Amino acid sequence: MAGAEVLAGFRPALGAGGLHLSTFVQIPDPNLIETLARSPLDSLLLDMQHGMQDEASVQASVAAAAMIGKPVLVRVPVDAGGLTSRMLDFGAAGVVCPMVNSVGDARRLVDYVKFPPTGRRSWGPRRAIPFSGLSAADYLRQADGLTLALAMIETREALAALDDILAVPGIDGIFVGPMDLSVSLSAGATFDSPDAAAAIAAAGARARAAGKVAGIFALTPQLALDYHRQGYGFVALMQDAMFLSQAATAACTAVRGAVA
């Protein structure tokens, strides 16, 4: 699967109740991208907010994944502005935008992700067009349906405005950050607020009711299963360093255990 088919693969799978597994990639190395892209993951989510990804690594990573037919999304930094559109010009399949706490925040996200009349994205998808396999005219006509604008829901304010955020034309769905949500709901006291579970379940249900993508980060495979059972179709399972650390630990433990 390549080109526009890669970009178009999200909505049908998620709309059918399927599971789309991604992972956060924080290490800026296209060799790592190639390795992860050859795994059973459905996509890769480059982390510019908390990871070490920059513009150069995003360009290289999108190209590396494209060779293998895997789409790449990018979590941009807070208040990224025009950098958001730039990620799409590089060929990213979508953007996850942190700290979308209001309708105004959601509309600004749409402005950078969608072309007129829905948004205000500037024309210049130099790398996105060849990666899509479309002509420039076809890309212009189809881009808004191929690329995702996902608003991160990770604060008390975002939960209060969730229905209005979901109603903004051009918002394709939400992506819940469980740890930041717990921090917000507990006023900074804990990563594991007892109020978070109900809020996570409610946010996913409201997104599905609005016909939008429900996405979330899962720290463990068990959480990924739990969230999928709650109706979350787009799950970012762990992150690259966690995969490496856990695999190394398991292999070393197995060898040392056999020797002992």
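Residues numbered from 1 in each chain as written. Predicted model: local features only at pLDDT ≥ 70, side-chain atom pairs only at ≥ 80, totals over all residues. Heavy atoms only, no water.

Participant: Describe the overall build of the protein, listing the residues and the values that go with them.
Facilitator: Across its full length, the protein carries 14 helices and 8 strands. Relative to its length of 260 residues, the protein is compact, with a C-alpha radius of gyration of 18 Å against a globular reference of 18 Å. Principal axes of the C-alpha set define a box for the protein whose edges measure 65 × 40 × 30 Å. Looking at the 260 residues of the protein, the share that counts as buried comes to 50%. Nonlocal contacts in the protein, meaning residues at least 24 apart in sequence, comprise 62% of its contacts between residues at least 6 apart. Total accessible area on the protein stands at roughly 11,500 Å², and carbon and sulfur atoms take up 59% of it. (Helix = DSSP H or I, 4+ residues; strand = E, 2+ residues; numbered from the N terminus. Rg over C-alpha atoms; globule rule 2.2 N^0.38 Å. Buried < 20%, exposed > 50% of the residue type's maximum accessible area, 1.4 Å probe, protein only. Contact = heavy atoms within 4.5 Å. Areas by Shrake-Rupley, 256 points an atom, 1.4 Å probe, with all protein chains shown as cover.)

Participant: Lay out the packing of helix H5 (residues 82-89) against helix H6 (residues 103-113) with the relevant residues and their values.
Facilitator: Running from N to C, H5 and H6 point in directions that differ by 40°, and their axes come no closer than 8 Å. As far as their axial angle goes, H6 and H5 are oblique. Read as a crossing pair, H5 and H6 show a hand that is right-handed. Residues Gly82, Thr84, Ser85 and Leu88 of H5 form the contact with H6, whose participating residues are Leu109, Tyr112 and Val113. The class makeup of the residues in the contact of H5 with H6 is 4 nonpolar, 3 polar and no charged. (Axes fitted to C-alpha atoms, helices over the stretch in contact; angles between N-to-C directions. Parallel < 35°, antiparallel > 145°, perpendicular 65-115°, else oblique. Left-handed = near helix turned anticlockwise from the far one by under 90°. Nonpolar A, V, L, I, M, F, W, Y, C, P; charged D, E, K, R; others polar.)

Participant: So, the packing of aromatic side chains: which residues are in play, and what are the values?
Facilitator: One pass over the full model with this rule turns up 6 aromatic pairs. With a centroid separation of 5.6 Å and 45° between ring planes, the pair formed by phenylalanine 115 and tryptophan 123 is classed as tilted. On the accessibility criterion, phenylalanine 115 (3% relative accessible area) is buried. You can call tryptophan 123 partly exposed: its relative accessible area is 42%. Taken together through their ring pairs, the aromatic side chains of Phe24, Phe175, Phe217 and Phe234 make up a single cluster. (Phe/Tyr/Trp six-rings, centres within 6.5 Å; stacked < 30°, edge-to-face > 60°.)

Participant: Go over the pairing of strand E7 (residues 213-218) with me, naming the residues and quoting the values.
Facilitator: The buried count for E7 comes to 6 of 6 residues, which makes it a mostly enclosed element. Neither face of E7 is left uncovered, since the one carrying Val213, Gly215 and Phe217 and the one carrying Ala214, Ile216 and Ala218 both have all their residues buried. By the bridge criterion, 4 bridges tie strand E6 (residues 173-176) to E7 in an arrangement that is parallel. Counted as the bridge partner of phenylalanine 175 is glycine 215 from E7. Across 4 bridges, E7 lies against strand E8 (residues 234-239) in parallel orientation. Pairing of phenylalanine 217 across the sheet is with alanine 236, part of E8. A crossover connection joins E7 to the parallel E8 through helix H13 (residues 221-229); in handedness this β-α-β unit is right-handed. (Pairing = 2+ DSSP bridges. Right-handed = clockwise from strand over helix to strand, strands pointing away.)

Participant: Any details on the environment of methionine 48? Residues and values, ideally.
Facilitator: If you trace the backbone, methionine 48 turns up in the loop between strand E2 (44-47) and helix H4 (55-68). Given the relative accessible area of 10%, methionine 48 is considered buried. A C-alpha to C-alpha distance of 9.6 Å links methionine 48 and proline 28, two positions 20 residues apart in sequence. The contact partners of methionine 48, leaving out residues within four places of it in the chain, are Gln53, Asp54, Glu55, Val58, Val74, Arg75, Val76, Pro77, Leu83 and Met87.

Participant: Give a detailed account of the environment of leucine 19, specifying residues and quantitative values.
Facilitator: Locating leucine 19 in the fold gives a position in the loop between helix H2 (10-15) and strand E1 (20-25). The partly exposed category is assigned to leucine 19, whose relative accessible area is 38%. Excluding its chain neighbours within four sequence positions, the residues that come into contact with leucine 19 are Asp42, His228, Tyr232, Gly233 and Val235.

Participant: Lay out the pairing of strand E4 (residues 94-97) in plain terms, naming residues and giving numbers.
Facilitator: Neither face of E4 is exposed, since Gly94 and Val96 on one face and Val95 and Cys97 on the opposite face are all buried. Pairing of strand E3 (residues 72-75) with E4, which is carried by 3 bridges, proceeds in the parallel orientation. Along E4, the bridge assignment pairs arginine 75 with valine 96. Each parallel crossover has a hand, and for E3 linked through H5 to E4 it is right-handed.

Participant: Explain the sheet that holds strand E5 (residues 148-153) to me, using residue names and the numbers behind them.
Facilitator: Reading around the circumference, E1-E2-E3-E4-E5-E6-E7-E8 is the order of the 8 strands in this closed barrel, with parallel pairing throughout. Mean inter-strand twist for the sheet, computed between neighbouring axes without regard to direction, equals 25°. With respect to the sheet, H13 is in contact with E7 and E8, its orientation differing from that of E7 by roughly 160°.

Participant: Which residues make up helix H8 (residues 136-146), and what are the values?
Facilitator: When we look at burial in H8, the residues that qualify are Tyr139, Ala143 and Leu146. The buried residues of H8 all sit within an arc of 80° when viewed along its axis, so they share a single face. (Arc of directions from axis to C-beta.)

Nothing here speaks to function; it is all geometry.
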